[in-house]
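Structural description and commentary
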Amino acid sequence: MNRTSGGSRTELAWRLLAGVGARRTQARVLVVEVLARASGHLSVAAIHQQIAATRPEINVSTVHRTVAFLLEQGVAHVLPWPGEAQYGLNDSPHVHAICEECGAHVELPADDLGSAVAAAQRSSDLDLGPAGLALFGRCAGCRSRRPSG
Ligand SMILES: [Zn+2]
Ligand SMILES: [Zn+2]
């Protein structure tokens, strides 16, 4: 995969945050780090769990506020799924393939869907965001638990 490493993803996020004059608080540094390392998208609870392993003083509501701040600043986005909100960084344009039942998901690089994305932009004059598309289905686990009739 042609993904940037955790380190440069963190730098990229901070370059954006520095541009809006965001202070480098401990919570922001930690949340950005966790999201940069994640291979998919994480809920606030999952982000907090990873941080609490080393920094138990950072509580869930701080993580909540920090994630909301990153969304506001356009550094992160929320997975377009009606279940528990899961967040990812905005650095690499991608399409979400999501299980509509359990929220299991993978990121597909937007380049792989280049012509579809280009067509969507042409036909709707829509400025697609960094995570502007989602494909929905049911994952193998959900299919085996509840076969569709
Ligand atoms: Zn599923
Ligand atoms: Zn995403």
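Up top you'll find the structure we're talking about.
We now turn to the structure provided with this report. Please read these numbers as outputs of a predicted model, since none were measured by experiment.

**As for helix H3 (residues 44-52)**
Considered for burial, the residues of H3 that qualify are Val44, Ile47, His48 and Ile51. Seen along its axis, H3 keeps its buried residues to an arc of 95°; they face one direction. Against the buried residues of H3 lie helix H2 (26-37), strand E1 (42-43) and helix H4 (60-72).

**What to know about the packing of H3 against H4**
As a packed pair, H3 and H4 sit with axes 9 Å apart at the nearest point and diverge in direction by 120°. Taken as axis vectors, H3 and H4 run oblique relative to one another. The hand of the H3/H4 crossing is right-handed. Note on element contacts: H4 touches H3 through Val60, Val63, His64 and Val67, opposite Val44, Ile47, His48 and Ile51.

**A few points about the sheet that holds strand E3 (residues 86-89)**
The strand order across the open sheet formed by 3 strands is E1-E3-E2, and the pairing between neighbours is antiparallel. In this open sheet, the two strands that pair with only one neighbour each are E1 and strand E2 (76-78). Relative to E3, E2 is paired through 3 bridges, and the arrangement is antiparallel. When the bridges of E3 are listed, Val78 appears paired with Tyr87. Of the strands in this sheet, E2 and E3 touch H4, which is tilted by about 105° from E2.

**Overview of the sheet that holds strand E4 (residues 94-99)**
Read from one edge of the open sheet, 3 strands run E5-E4-E6, paired in mixed fashion. Unpaired on one side and paired on the other, strand E5 (105-109) and strand E6 (133-137) mark the two borders of the sheet. Across the sheet, the mean angle separating the axes of adjacent strands is 20° when strand polarity is ignored. As judged from the 5 bridges shared by E4 and E6, these two strands associate in the parallel manner. Bridge pairing in E6 links Ile98 to Phe136.

Procedures and definitions
Along each chain, residue indices are assigned from 1 in the same order as the chain's sequence is written. Chains carry letters from A onward and ligands carry numbers from 1 onward, assigned in written order. Where totals are concerned, whole chains, interfaces and linings use all residues; where local detail is concerned, this predicted model gives features only for residues with pLDDT of at least 70, and gives and counts side-chain atom pairs only at 80 or more. Here the C-beta atoms are placed from the backbone, and a residue counts as buried if at least 20 other C-beta atoms lie within 10 Å of its own, exposed if 12 or fewer do, and partly exposed otherwise. Where helices and strands are cited, they refer to DSSP runs of H or I of at least four residues and of E of at least two residues respectively, numbered from the N terminus. By definition, the arc is the one covered by directions from the helix axis to the C-beta atoms. In this description, a residue-residue contact is defined by the distance between C-beta atoms placed from the backbone, which must lie within 7 Å. Orientation is described by axes fitted as lines to C-alpha atoms, over the contacting stretch for helices, and by angles from 0 to 180 degrees between their N-to-C directions. Oblique is the label for every angle not falling under 35 degrees (roughly parallel), over 145 degrees (roughly antiparallel), or within 65 to 115 degrees (roughly perpendicular). Crossings are sorted by hand: turned counterclockwise from the far helix by less than a right angle, the near helix makes the crossing left-handed, and turned clockwise it makes it right-handed. DSSP calls a pair of strands paired once it identifies at least 2 bridges connecting them.

Purely geometric stuff here, so don't read any function into it on its own.
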